[in-house]
Structures are given as structure tokens and as C-alpha cells.
Amino acid sequence: MLAVCLLPLPEQDPTMTLSASSSPRYTTNSPIVVALDYDKRDEALAFVDRIDASDCRLKVGKEMFTRFGPDFVRELHQRGFDVFLDLKFHDIPNTTARAVAAAADLGVWMVNVHASGGARMMSAAKEALVPFGADAPLLIAVTVLTSMEASDLADLGITVSPAQYAERLAQLTNRCGLDGVVCSAQEAARFKQVIGKEFRLVTPGIRPEGSDAGDQRRIMTPVAAQAAGVDYMVIGRPVTRAADPAHALKSILASLQGL
Ligand SMILES: O=C(O)c1cc(=O)[nH]c(=O)n1[C@@H]1O[C@H](COP(=O)(O)O)[C@@H](O)[C@H]1O
């Protein structure tokens, strides 16, 4: 099922350990997941080659996966990084379950589906990971995209607030036995309180003080997100579009360590 290849352990960081899986599963204390949304493979790898796998995990989303495919994920694994495969599956239960199993075969650390695909879809996805045992990736569900605000939901006929709708989807995700959700950091404190500390919260829409929100709407700074209890913060453009992306990542890490 999983291809077996031996990856060298980076010697410089004793906090990192490989699991039995063929891909890296590092226990890094870093809560940062950098969204590698580049349209050029070489540009993405030039950035990756300047950072350390103990500083962050990497997210491969629709753009890079569509351009460069599973081989790009394997390249990141070979460089020692854990990968969050962010393809936000949303389909009939059978198709979603098979896609999630394909992600597990690739050896990724985390994979996601849309919670709005419903309970049967999420349960099928969860079930598809059972044969992978301890090597299964974390399975999380997207609640309400961080780019959405109340008026966007109203257009869809949803009249509750983004926070209320996200909570409803998060509760459903939890009942289906998934590992956590993607939500806004603005919802994190409430979800930790009502769903529990073990339920992982992955939060995009992270913007360091003074950086451009762009298309994001429900945003928070890295420091505030950490204080709100998020487990993993997804950060893209504030790092990748910075004049010096590796330096931007280090600065955000330093701001978090100052807490
Ligand atoms: O699932 C995601 O990662 C995701 C969910 C969500 O609600 N909002 C969101 O922005 N994302 C992703 O997180 C990343 C955020 O990137 P930046 O806005 O550039 O920091 C993008 O790759 C999005 O696809």
C-alpha cells in the first residue's frame, strides 16, 4: 500500500522523529503550515531549500497539485517536510473516500474534505483511512472558508453568521470522527471550549500586523491566533510574497516564541 523508502533523519534537530511511514512525520513544535501557492515549481523549491523542516510544515493546494502533481509532493517529502494536501475534496461519498485513500497512499501528513459534503461523505472518508492504521494522515474538514463573510453566506441562503455556521459544521465533523477542522482563528477559542482540546483547529486567514488581507475576510494575527488556541496556522502570501520569504517565516516564528 505505502511505498517504502528510507529518508535520512535531519541530524540537527533531536525533536524530529520519523514514524514508521514512508513519508516524513516530524514532531515539530512549529504551529506554522506555509501555503506553497506558487505557479513555478523552481521558485517554490528555491524557498523550500532555504528553510528547515523543523520550522514549518508545507501545504500543497489546488494550484501546485494541478500543475505539478504527486511528484511535487514526493519532492517535498524527499526534502524532509510534512505535507498538508489541501485539495478540499467534496463529492459523493465513494469518490471522496477513494480520493482520501489516494492521498494516504501518497504518505501526506494531513488531507482535507469540505464538511458541507455532509455526514455520509465525511464518514466514508474516515472509513477509507482505517486500513492505513497509524500511517493514516490527519483528516480534517473545511467549515466556512476564511474568505467568506455574512453576505457571502446570505447569497447561498444561509442566514446564520459565519461563526454559527462554522460551529454547526465543526460539530458535525466531530460527530463523524474526523481529527479536526479548518476554520477561522476567530472561531478557535469557542470551538476548543465546546468541542474539546483534542479536536485540531487549522486556521488560514492569518495576517501579521500590517500585512494585506487580500481576499481573506475572517483574519487574525499569528500571535492572536496562537493565544486563541489554534493548533496549526496556515500562512501563504505574507510569507511567499514577501521580498525575502525565508526571513518572513523566521520573523513570524520569532513573534510566536515571544509569547
Ligand atoms: O483549506 C485551506 O487551507 C483554506 C481554507 C480556508 O478556509 N481558507 C484558506 O485560505 N485556505 C487556504 O489557505 C491558504 C491561505 O493563503 P494566504 O491567504 O495567502 O495566507 C490558501 O492556500 C487557501 O487555499
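Residues numbered from 1 in each chain as written. Predicted model: local features only at pLDDT ≥ 70, side-chain atom pairs only at ≥ 80, totals over all residues.

- Looking at an unreviewed UniProt entry, one finds the protein chain named Orotidine 5'-phosphate decarboxylase and attributed to Mangrovibacter phragmitis.
- Note on the protein chain: under the UniProt heading Subunit (unreviewed entry), the record states "Homodimer."
- As stated in UniProt under Function (unreviewed entry), the record for the protein chain gives "Catalyzes the decarboxylation of orotidine 5'-monophosphate (OMP) to uridine 5'-monophosphate (UMP)." (UniProt positions renumbered as here; feature names shortened; annotations may be inferred.)

**Examining the nonpolar core**
- Formed by 74 residues in total, the largest nonpolar core has its most connected members in V34, L58, V83, V100, V108 and M233.
- Residue contributions to this core peak at 6 residues, all from helix 3 (residues 93-106).
- With sequence-adjacent residues up to four places away left out, V100 is seen in contact with F89, V111, V113, A125, A128, L129 and L139. (Core = buried A, V, L, I, M, F, W, Y, C linked by C-beta atoms within 7 Å. Buried ≥ 20, exposed ≤ 12 C-beta atoms within 10 Å, placed from the backbone. Helix = DSSP H or I, 4+ residues; strand = E, 2+ residues; numbered from the N terminus. Contact = placed C-beta atoms within 7 Å.)

**Comments concerning the packing of helix 6 (residues 162-175) against helix 7 (residues 188-195)**
- Two numbers describe how helix 6 lies on helix 7: the axes approach to 11 Å, and their chain directions differ by 40°. Taken together, the axes of helix 6 and helix 7 are oblique relative to one another. For helix 6 against helix 7, the interelement crossing comes out right-handed. For the pair helix 6 and helix 7, contact is made by E167, A170, Q171 and N174 and by R190, F191 and I195, respectively. (Axes fitted to C-alpha atoms, helices over the stretch in contact; angles between N-to-C directions. Parallel < 35°, antiparallel > 145°, perpendicular 65-115°, else oblique. Left-handed = near helix turned anticlockwise from the far one by under 90°.)

**Topic: the pairing of strand 5 (residues 138-142)**
- The buried fraction of strand 5 is high, at 4 of 5 residues.
- Where strand 4 (residues 110-114) and strand 5 come together, 5 bridges link them in parallel fashion. The residue bridging V111 from the neighbouring strand is L139, located in strand 5.
- For the crossover from strand 4 across helix 4 (residues 119-128) to strand 5, the handedness is right-handed.
- Pairing analysis gives 3 bridges linking strand 5 to strand 6 (residues 180-182), with the strands arranged parallel. Following the sheet pairing, A141 is matched in strand 6 by V181. (Pairing = 2+ DSSP bridges. Right-handed = clockwise from strand over helix to strand, strands pointing away.)

**Comments concerning the confidence of the model for the protein chain**
- Averaged over all residues, the pLDDT of the protein chain is 91; the fraction at 70 or higher stands at 90%.
- Segment residues 1-21: pLDDT under 50, and 36 contacts once partners within four positions in sequence are set aside and those in other chains are kept.
- Reported for the predicted complex are a pTM of 0.90 and an ipTM of 0.98. (pLDDT = per-residue confidence, 0-100.)

**Quick word on the packing of helix 3 against helix 4**
- Here helix 3 crosses helix 4 at 35°, and the two axes come no closer than 8 Å. With respect to the hand of their crossing, helix 3 and helix 4 are arranged in right-handed fashion. Listed contacts from helix 4 to P93, N94, T96, A97, R98, V100 and A101 of helix 3 are R120, M121, A124, A125, E127 and A128.
- Looking at side-chain class alone, the contact of helix 3 with helix 4 contains 8 nonpolar, 2 polar and 3 charged residues. (Nonpolar A, V, L, I, M, F, W, Y, C, P; charged D, E, K, R; others polar.)

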